[in-house]
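An overview of the molecular structure
These are the residues of each chain, in order.
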Number of protein chains: 2
Amino acid sequence: MLTSLVRANLSKSSFRTRTDLGVWRSSSRKLFAMQEVTAKMHDSAIKEPKSGDPARVGKKKDEKFMLKTAKGTRDQNPVQMALRERVFNVIKESFARHGAEQIDTPVFELKQTLTGKYGEDSKLIYDLADQGGEMLSLRYDLTVPFARYLAMNKITNIKRYSIGKVYRRDNPAMTRGRYREFYQCDFDIAGQYDPMLPDAECVVIACEILSKLNLGEFRVKINHRGILNGMFKVCGVPDEKFKEICSAVDKLDKSPWEEVKKEMCEVKGLSEEAADKIEAFVKFNGGPELIEQLLEQDIGKNESAKKGLDDLKLFYDYATEYGVEKHILFDLSLARGLDYYTGIIYEVQLVGEGEEGVGSIAAGGRYDGLVGIFDAKKRSTPCVGISLGVERIFTLLENQLAESKAQPRSVQTEVFVCSVQKDLVKERMRICAELWREGLKAEHSFKNNPKILVQLQYCEDKQIPLAIVFGENELSQGVLKLRNVATREEVVVPRANLVEAIRERLANTTV
Amino acid sequence: MLTSLVRANLSKSSFRTRTDLGVWRSSSRKLFAMQEVTAKMHDSAIKEPKSGDPARVGKKKDEKFMLKTAKGTRDQNPVQMALRERVFNVIKESFARHGAEQIDTPVFELKQTLTGKYGEDSKLIYDLADQGGEMLSLRYDLTVPFARYLAMNKITNIKRYSIGKVYRRDNPAMTRGRYREFYQCDFDIAGQYDPMLPDAECVVIACEILSKLNLGEFRVKINHRGILNGMFKVCGVPDEKFKEICSAVDKLDKSPWEEVKKEMCEVKGLSEEAADKIEAFVKFNGGPELIEQLLEQDIGKNESAKKGLDDLKLFYDYATEYGVEKHILFDLSLARGLDYYTGIIYEVQLVGEGEEGVGSIAAGGRYDGLVGIFDAKKRSTPCVGISLGVERIFTLLENQLAESKAQPRSVQTEVFVCSVQKDLVKERMRICAELWREGLKAEHSFKNNPKILVQLQYCEDKQIPLAIVFGENELSQGVLKLRNVATREEVVVPRANLVEAIRERLANTTV
């Protein structure tokens, strides 16, 4: 059963629907309802006007006790965890299918390790209190700790994945899957390799995972920092403003051009003329033909842009061999906010998702300079990677699940041991002990003398496929009844053949 | 392969030894060597006298850049992660075998949620910096967040497990598996049930997991807060000193009696007479016969102690039915430091481990009052649980592995696609794409024109069982060579039958 769970894709049909058991609907519904209540509690807590008031800093000691999780975070209930395990297993399988090794780094790093890596977003980093030791911060992503790991261990090539929680003091939008604590699943390739070979494989992996998760059609937007830099040059942006103008372009997925232009000109002091030229470029998106067009234009004469366009041409070639070219869209408005990218950048979005949607669900790119920052001799190790924003995936799957009648199981129990008379608790223990020794997943009641109806109801609530039912009568005859919980059929089985009989029935039951 | 990984026990023999490949020894050795270097770096950093100096607090800005992880934490390299995944899978399988659901809670909680739950150990809690929002702390264990979760969601019965990182600003002893960031694997049963039924199952699970992990013989020490309280009463300890004297007794596993007595009398103001009476008790350990003896003595007349002794008697009964009684030792010196325990307490130790060992590797007990603290109406939900300290288990397994010649695999790749001539990169891509679509785990080089020896060396380093080898010659004949990496045998396979041929060979290869 674990095996089938591990292998299960996340199609709706893989959740068992149980219309035959009308009355027993079920704990999973309640759990979702509960989650909604929790989310509302959070929302009201977030709106509480005083919680972020700087005037109250340091005056919290007499605060009333609040029964809640920290702002922007949530608990995961058993149904959500079952969903999560399935998604993680799909992702891990895909990473492993491409030969990746797993590493893990601590949740906090020395503060200085994170300093200067995230541009304008650095203000979102959580710091730990100064309690008399090192100055520490919670990790903001898995990429910077990975680069620190490579430099510290002098590793110059590796194909690695990491799955872990990261932390951002951002404005949470929890109904859209934006949290302050969230999981990232990162796959990265470090090493001196030939152009676009590792880059293409990162995008193949993203496509593979999204296809397996059955989230509907998706699009991989690509662009290149070389093309952006060439574009800025051609548009007359001064060199020292490239980074901040790039940050402004990055906001185009959320804000209209007029707002972005305002930021460029009024906040960041760009000339109106340069901004208008940028506008003309960022409207472009298309396929390989757009690359050819740009190569013919002025921008194609810029060395940095030409290198980027050649890279993307090769990328399209490889994407075609790998059979994922249909998902790719070259989009000149894609910028990615983080400072450390140096080459191709990409972002995966679901098609048909408007502004109200969950935004990008995977993103990444090439960052050839980051490891060098940590290396004592500034030796660089080229890297490229992709990061999956799984909270957004979970939010989509949870919504799908809430709309459907499907009820995923949150326990894996195969057989529940029921007694129909008093004083049989030790007999139930002996049976369970035998089943556990054989590796079967079994439970019995924690009451000495539970009612039989309560025991069977538990089986139906938890979608446990089989129940053993016995009393003094069965014991004296050396038999037990084996019950199919869904159909309520019972067969009498000799005590000595119990394990075999259970295995046989499990093999013929779909759970 | 994932399946076999999931199911694999952690016996040494399950790691493949490769004496047939002398020259290619191997990345895993290097990785262990690297870990040692890292550990030494840590140790020197820890001894750095100024790092904890309060005089330096707030003066860290001009500090030299240090390439290291935070004090008391470590990265996990690919070999360690492979080991970790196996251990986690054994643990998760066991939890699931007993019908547990999984939940997860955030890494940080409101500071007030943790306040007053950990007695003297509260000073070890990590706080987050006050950045103008809520006051937050990193979780110290998974038990308090679980109790908060139950109260917040009004859940009155659940059998749940959680696996997650917890944080303690303790003195790290990393060579003995004591870290500041470490995983706990917790199984807990909440609900109003009959005496000792859930309690016994928690201990059964611990025994099951330790047996599966093949760590050698182990002992489950048990005691009971009711017995300790009765003992303190009988010895003449004033009621208001119970908690602090209990904390002192808890240190007996690390300190000799004389030191503990000193703490009791000199620091905590206990009379010498009372301390001497305690000494007479805490020397006792034994089996059910010791329970009977104590019931006959003065302490057996104390209501609280009698209740505890009756509980343990029943516990022994149930442990016998479950077949784990041989591991149990009733030990009056076992106290457990945390405030929240109210009934049975237990601690699992490996037999033969002296003072230099890793200490207890699992522990827990009953805490019937904790949820009530969080409930608005102070309704209590009885709970009992067990927590596995997996870092200590990893430390033991890593040491075992370093001593043996065994080399666990850190990648799962089944087949590596090699080309023997130039300009075949796109052909390699097409083959990989086909294998991936079929769910096979495949890799190829990120170089356009890799040397064949380099490609085969990679296969041997990473213990990849199969390689596809081809050049123009094979392509023109519509065939490929399939190579067994270990034996170096090659067979020619029609291109059209490739997937089938790989599957067949994988089924006959032990990896």
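The rules we used
- Residues numbered from 1 in each chain as written.
- Chains lettered and ligands numbered in written order.
- Predicted model: local features only at pLDDT ≥ 70, side-chain atom pairs only at ≥ 80, totals over all residues.
- Heavy atoms only, no water.
- UniProt positions renumbered as here; feature names shortened; annotations may be inferred.
- Helix = DSSP H or I, 4+ residues; strand = E, 2+ residues; numbered from the N terminus.
- Contact = heavy atoms within 4.5 Å.
- Areas by Shrake-Rupley, 256 points an atom, 1.4 Å probe, with all protein chains shown as cover.
- Pairing = 2+ DSSP bridges.
- Least-squares fit on C-alpha atoms with pLDDT ≥ 70 in both.
- Buried area = accessible area lost by both parts, 1.4 Å probe.
- Salt bridge = Lys/Arg side-chain N within 4 Å of Asp/Glu carboxyl O.
- Polar contact = N/O pair within 3.5 Å; in protein donor to acceptor, adjacent residues only side chain to side chain.
- Nonpolar A, V, L, I, M, F, W, Y, C, P; charged D, E, K, R; others polar.
- Expected span 1.5 Å × (residues − 1).
- Axes fitted to C-alpha atoms, helices over the stretch in contact; angles between N-to-C directions.
- Parallel < 35°, antiparallel > 145°, perpendicular 65-115°, else oblique.
- Left-handed = near helix turned anticlockwise from the far one by under 90°.
- pLDDT = per-residue confidence, 0-100.
- Phe/Tyr/Trp six-rings, centres within 6.5 Å; stacked < 30°, edge-to-face > 60°.
- Buried < 20%, exposed > 50% of the residue type's maximum accessible area, 1.4 Å probe, protein only.
- Lys NZ or Arg CZ within 6 Å of the ring centre and 35° of its normal.

- In the nomenclature of an unreviewed UniProt entry, chain A is known as histidine--tRNA ligase of Galendromus occidentalis.
- Reading the Sequence similarities (unreviewed entry) entry of the UniProt record for chain A gives the comment "Belongs to the class-II aminoacyl-tRNA synthetase family."
- For the record of chain A, the UniProt heading Catalytic activity (unreviewed entry) holds the text "tRNA(His) + L-histidine + ATP = L-histidyl-tRNA(His) + AMP + diphosphate + H(+)".

**Here we look at the overall build of chain A**
- Within chain A, the regular secondary structure consists of 18 helices and 16 strands.
- For chain A, restricting intrachain contacts to residue pairs at least 6 apart in sequence, the fraction spanning at least 24 positions comes to 71%.
- On chain A, roughly 20,700 Å² of surface is accessible, and the fraction owed to carbon and sulfur atoms is 49%.

**What to know about the pairing of strand β16 (residues 490–494) of chain B**
Residue and element names in this part refer to chain B.
- Bridge count for strand β15 (residues 479–484) against β16 is five bridges, and the pairing is antiparallel. Within β16, the position partnered with Leu480 by the bridge is Val493.
- In textbook terms, the turn of a hairpin is the stretch between consecutive antiparallel strands, and for β15 and β16 this stretch comprises five residues, one of which, Arg488, has a positive phi near 70°.

**Observations concerning the relation of the copies chain A and chain B**
- It takes a turn of 180° to lay chain A on chain B, together with a shift of 0.0 Å along the axis; the resulting RMSD is 0.0 Å. Such a combination of turn and shift is consistent with a two-fold rotation axis.
- The share of interface residues of chain A whose copies in chain B are also at the interface is 100%, consistent with both copies meeting through the same surface.

**Regarding the interface of chain A and chain B**
- Counting residues at the interface gives 109 residues for chain A, matched by 110 residues for chain B.
- For the chain A and chain B pair, buried surface summed over both sides reaches about 10,100 Å², with 57% attributable to carbon and sulfur atoms.
- Note that Asp75 of chain A and Arg148 of chain B form a salt bridge whose closest N and O atoms lie 2.6 Å from each other.
- On inspection of chain A and its partner chain B, the count reaches 48 residue pairs in polar contact (both at pLDDT 80 or more).
- The element that contributes the greatest number of residues to the side of chain A that touches chain B is helix α3 (residues 78–97) of chain A, accounting for seven residues.
- Tallied by class, the residues present in the side of chain A that touches chain B amount to 48 nonpolar, 27 polar and 34 charged.

**A word on helix α6 (residues 197–212) of chain B**
- If you check α6 of chain B, its first and last C-alpha atoms are 23 Å apart, about what 16 residues at 1.5 Å a residue would give, namely 22 Å.
- Looking at the residues trailing α6 of chain B, positive phi occurs at Asn214 of chain B, about 55°.

**Digging into the environment of Ser419 of chain A**
All names here are of chain A.
- Positionally, Ser419 belongs in strand β12 (residues 415–419).
- Between the C-alpha atoms of Ser419 and Glu472, which are 53 residues apart in sequence, the distance is 9.0 Å.
- Once you skip the residues sitting within four places of it in the chain, Ser419 turns out to touch Leu424, Arg428, Pro450, Ile452, Gln455 and Phe470.
- Polar side-chain contacts of Ser419 include one of 2.9 Å to the side chain of Arg428.

**Some remarks on the sheet that holds strand β13 (residues 442–444) of chain A**
Residue and element names in this part refer to chain A.
- Here we have five strands laid out as an open sheet, ordered β13-β12-β14-β15-β16, and mixed in their pairing. The two strands at the open ends of the sheet, each matched to only one other strand, are β13 and β16 (490–494). Ignoring strand direction, the axes of neighbouring strands in this sheet form an average angle of 30°.
- In the sheet, strand β14 (residues 466–470) pairs with strand β15 (residues 479–484) via four bridges, with the strands oriented antiparallel. The partner of Ile468 across the bridge, within β15, is Leu482.
- Sheet contacts for helix α16 (residues 452–461): β12, β13, β14 and β15; angle to β12, the most-contacted strand, approximately 175°.

**Focus: the packing of helix α7 (residues 225–235) of chain A against helix α10 (residues 272–282) of chain A**
Residues and elements named next belong to chain A.
- The geometry of α7 relative to α10 is characterised by a closest axis approach of 9 Å and an angle of 140° between their N-to-C directions. Taken together, the axes of α7 and α10 are oblique relative to one another. By crossing handedness, the relation of α7 to α10 is classed as right-handed. Where α7 approaches α10, its residues Met231, Phe232, Val234 and Cys235 are matched on the opposing element by Ala274, Lys277, Ile278, Phe281 and Val282.
- Counted by class, the contact of α7 with α10 contains eight nonpolar, no polar and one charged residues.

**Section: the confidence of the model for chain A**
- On average, residues of chain A score 87 in pLDDT, and 86% of them reach the 70 mark or higher.
- Long-range and interchain partners of residues 1–62 of chain A, a stretch whose pLDDT sits below 50, account for 106 contacts in this model, where long-range means more than four residues apart.

**Overview of the packing of aromatic side chains**
- Per the stated rule, a full pass over the model turns up 30 aromatic pairs over all chains.
- With a centroid separation of 5.4 Å and an interplanar angle of 35°, the aromatic rings of Tyr322 of chain A and Trp436 of chain B are classed as tilted. With Tyr322 of chain A in the loop between α12 (303–321) and β8 (328–331) and Trp436 of chain B in helix α15 (residues 425–437), this pair bridges two chains. Residue Tyr322 of chain A shares its accessibility class with Trp436 of chain B, and that shared class is buried.
- Taken together, Tyr118, Tyr140, Tyr340, Tyr341 and Tyr367 of chain A form an aromatic cluster joined through their ring pairs.
- Its guanidinium or amino end placed over the ring of Phe146 of chain B, Arg160 of chain B lies 4.0 Å from that ring's centre, counting from NZ or CZ.
- Just above the ring of Tyr140 of chain B sits the side chain of Arg168 of chain B; from NZ or CZ to the centre is 4.0 Å.

**Considerations on the pattern of salt bridges**
- Overall, the coordinates contain 84 salt bridges over all chains when judged by the stated rule.
- The salt bridge partner of Arg97 of chain B is Glu93 of chain B, with a shortest N-O separation of 3.6 Å. Of this pair, Arg97 of chain B and Glu93 of chain B both sit in helix α3 (residues 78–97), four residues apart, roughly one helical turn. One exposure class covers both Arg97 of chain B and Glu93 of chain B, and it is buried.
- Linking Asp188 of chain B and Arg160 of chain B is a salt bridge whose minimum nitrogen-to-oxygen distance equals 2.7 Å. A residue pair is termed long-range when its members are at least 10 positions apart, and Asp188 of chain B in strand β5 (residues 181–190) and Arg160 of chain B in strand β4 (residues 158–167) qualify at 28 residues.
- Each of Arg74, Arg84, Glu391 and Glu398 of chain A takes part in a single network of salt bridges with overlapping partners.

**Here we look at the sheet that holds strand β13 (residues 442–444) of chain B**
Residue and element names in this part refer to chain B.
- Spatially, the five strands line up as an open sheet ordered β13-β12-β14-β15-β16, and their pairing is mixed. In this open sheet, the two edge strands, each paired with only one partner strand, are β13 and β16. Neighbour to neighbour, the strand axes of the sheet diverge by 30° on average, direction disregarded.
- Across the sheet, helix α18 (residues 498–507) touches β12 (415–419), β14 (466–470), β15 and β16, and the angle it forms with β14 is around 145°.

**Quick word on helix α7 (residues 225–235) of chain B**
Residue and element names in this part refer to chain B.
- Most of α7 is tucked away, with eight of its eleven residues classed as buried.
- Looking at α7, one finds that the buried residues are Arg225, Gly226, Ile227, Leu228, Gly230, Met231, Phe232 and Cys235.
- Those residues of α7 that are buried are in contact with β6 (218–224), α8 (242–250), α10 (272–282), α12 (303–321), β8 (328–331) and β9 (344–350).

**A closer look at the pairing of strand β6 (residues 218–224) of chain A**
Residues and elements named next belong to chain A.
- Taken across its seven residues, β6 has six buried, putting it largely inside the fold.
- By the bridge criterion, seven bridges tie β6 to strand β9 (residues 344–350) in an arrangement that is antiparallel. When the sheet's bridge partners are listed, Phe218 is paired in β9 with Leu350.
- Where β6 lies against β8, three bridges are found, and the strand directions are parallel. Among the inter-strand pairings, Val220 is bridged to a residue of β8, identified as Ile328.

**What to know about the UniProt feature "binding site: L-histidine" (unreviewed entry) in chain A**
All names here are of chain A.
- This chain's UniProt record puts "binding site: L-histidine" (unreviewed entry) on Asp141, Leu142, Thr143, Arg168, Gln184, Asp188, Arg336, Tyr340 and Tyr341.
- Mapped onto the fold, Leu142 is located in the loop between β3 (136–138) and α5 (143–152).
- Non-local contacts of Leu142, meaning those with residues more than four positions away in its chain, are made with Arg160, Ser162, Gly164, Val166, Gln184 and Asp186.
- Relative to the helices and strands, Tyr340 resides in the loop between β8 and β9.
- Classification of Tyr340 by relative accessible area gives buried; the value is 8%.
- Each residue touching Tyr340, except ones within four places of it in the same chain, is listed here: Lys117, Tyr118, Asp141, Thr143, Val144, Arg366, Tyr367 and Leu370.
- Within polar-contact distance, the side chain of Tyr340 engages the side chain of Asp141 at 2.8 Å.

**Some thoughts on the side chain of Thr395 of chain B**
- Its location among the elements puts Thr395 of chain B in helix α14 (residues 390–403).
- Taking the relative accessible area as the measure of exposure, Thr395 of chain B reaches 5% and is therefore buried.

**Some thoughts on the environment of His327 of chain A**
- Within the secondary structure layout, His327 of chain A lies in the loop between α12 and β8.
- Setting aside residues up to four positions removed in sequence, His327 of chain A forms contacts with Cys207, Phe218, Arg219 and Val220 of chain A.

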